Amino acid sequence: MLTNWLVKRKARRHKQTFEKIHLYPYPVRVAETDYYYIEYLRSKQPVGYAVISRHEENTLDAAAAHKQLHSFYHLAGFIKEEARMRAGIQLDLFRKPLGVMEEADRNDLQPGYRLINHLLKIQLKYKQVYDQFQNVLAELEDSGRPIEAEDIEAAIQSAAELEVLQFDMIDSLSRQTDTLRDWIALMNRHNLWDKLKRANQVFYQQLVQNESVMRDEAKKMQVVKHERREKMIQQNADKLRSRMKRSFQEEEKERRYP
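Attention here is on the structure that accompanies the text. These figures come from a predicted structure and were not determined experimentally.

Regarding the overall build of the chain
Part 1: From N to C terminus, the chain includes nine helices and five strands.
Part 2: Taking the principal axes of its C-alpha atoms as reference, the chain extends roughly 75 × 35 × 35 Å.
Part 3: In the chain, which comprises 258 residues, the share counted as buried stands at 46%.
Part 4: Total accessible area on the chain stands at roughly 14600 Å², and carbon and sulfur atoms take up 47% of it.
Part 5: For the chain, the distance from the average site of its 44 positive side-chain charges to the average site of its 39 negative ones is 4 Å.

Here is the structure:
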């Protein structure tokens, strides 16, 4: 695209030796001018930033655009890097054992059934939130429009809810590993374990083996807790806004232009 070529050409004026330029695709529009986000990379690590337009930049407008670009792309990066693999966990890992238990209809399997069904619901919601944000990115791609306030808010809300859901998954597993261990033993006793696919067996065996890891991870997760789910998501969204504000203040020091 002509716009990308012109923006990159201006960005090269501020590039240092051995650096590469990464131009993020969607701009922010301030005072009818589109501003693009540039990272200068050395050894794949960002070492500087610029906010560049095809036209002459206004320093105050560029600073306002930088703040919005920073929030959107850092949150989008978190969602892409942290959530993509987790969103791709196969639902059959939960559905297959649930189906086997439903056919067997044994009361002593109910604690395990409830736990796995809970994990399935978390995974379905996780995938839904992840996919919804991918739709935001796809719409930006298809429409060619700049990033708007609603897109930034979608990134904040999506990242916050994904963090809450991930905590819910890890916390549930760390607190109920004994339930899972008992469930595996009962499935073997009832000759149901071999009805599961090998991938299912390995998945649950690894969850049990990683009990201490999950407990440590649950303790380390910096998630604001609240008994009401919606309130918890909003409090974590507020935490993300504060984190983005601090992160932006640090990044602003590394802005080379304008």
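Quick look at helix α6 (residues 177-189)
Part 1: A rise of 1.5 Å per residue sets the reference length of α6, with its 13 residues, at 18 Å; its end C-alpha atoms lie 18 Å apart and thus fit the reference within 8%.
Part 2: What α6 keeps buried is the set Thr177, Leu180, Trp183, Ile184, Leu186 and Met187.
Part 3: The inward-facing, buried residues of α6 contact α3 (92-104), α4 (110-143), α5 (149-175), α7 (198-209) and α8 (211-220).
Part 4: Asn191 sits one or two residues past α6 and shows a positive phi near 60°.

Some words on the side chain of Gln123
Part 1: Structurally, the position occupied by Gln123 is in helix α4.
Part 2: In this structure Gln123 comes out as buried when scored by relative accessible area, which is 3%.
Part 3: Look past the residues within four positions of Gln123 in its chain and what remains in contact with it is Arg86, Ala87, Ile89, Leu91, Phe94 and Met169.

Regarding the packing of α4 against α6
Part 1: α6 packs onto α4 with a crossing angle of 120° between their chain directions and a minimal axis gap of 9 Å. For the element pair α4 / α6, the angle class is oblique. The element α4 and its partner α6 pack so that their crossing is left-handed. Where α4 abuts α6, its residues Pro111, Gly112, Leu115 and Ile116 lie against Thr179, Leu180 and Trp183.
Part 2: Of the residues assigned to the contact of α4 with α6, the class counts are five nonpolar, two polar and no charged.

A word on the pattern of salt bridges
Part 1: Considering all chains together, one arrives at 21 salt bridges under this definition.
Part 2: A salt bridge links Glu148 to Arg145, with the nearest nitrogen and oxygen atoms 4.0 Å apart.
Part 3: We classify Glu148 as partly exposed; its relative accessible area is 36%.
Part 4: The salt bridge partner of Lys239 is Glu163, with a shortest N-O separation of 3.3 Å. Here the residue Lys239 occupies a position in helix α9 (residues 229-252), and Glu163 occupies one in helix α5, the gap between them amounting to 76 residues. Accessibility classification places Lys239 together with Glu163 in one group, the buried group.
Part 5: The network of salt bridges with shared partners includes Glu139, Arg145, Glu148 and Asp151.

Reading the values: the criteria
Residues numbered from 1 in each chain as written. Predicted model: local features only at pLDDT ≥ 70, side-chain atom pairs only at ≥ 80, totals over all residues. Heavy atoms only, no water. Helix = DSSP H or I, 4+ residues; strand = E, 2+ residues; numbered from the N terminus. Buried < 20%, exposed > 50% of the residue type's maximum accessible area, 1.4 Å probe, protein only. Areas by Shrake-Rupley, 256 points an atom, 1.4 Å probe, with all protein chains shown as cover. Lys, Arg positive; Asp, Glu negative; His and termini not counted. Charge placed at Lys NZ, Arg CZ, Asp CG, Glu CD. Expected span 1.5 Å × (residues − 1). Contact = heavy atoms within 4.5 Å. Axes fitted to C-alpha atoms, helices over the stretch in contact; angles between N-to-C directions. Parallel < 35°, antiparallel > 145°, perpendicular 65-115°, else oblique. Left-handed = near helix turned anticlockwise from the far one by under 90°. Nonpolar A, V, L, I, M, F, W, Y, C, P; charged D, E, K, R; others polar. Salt bridge = Lys/Arg side-chain N within 4 Å of Asp/Glu carboxyl O.

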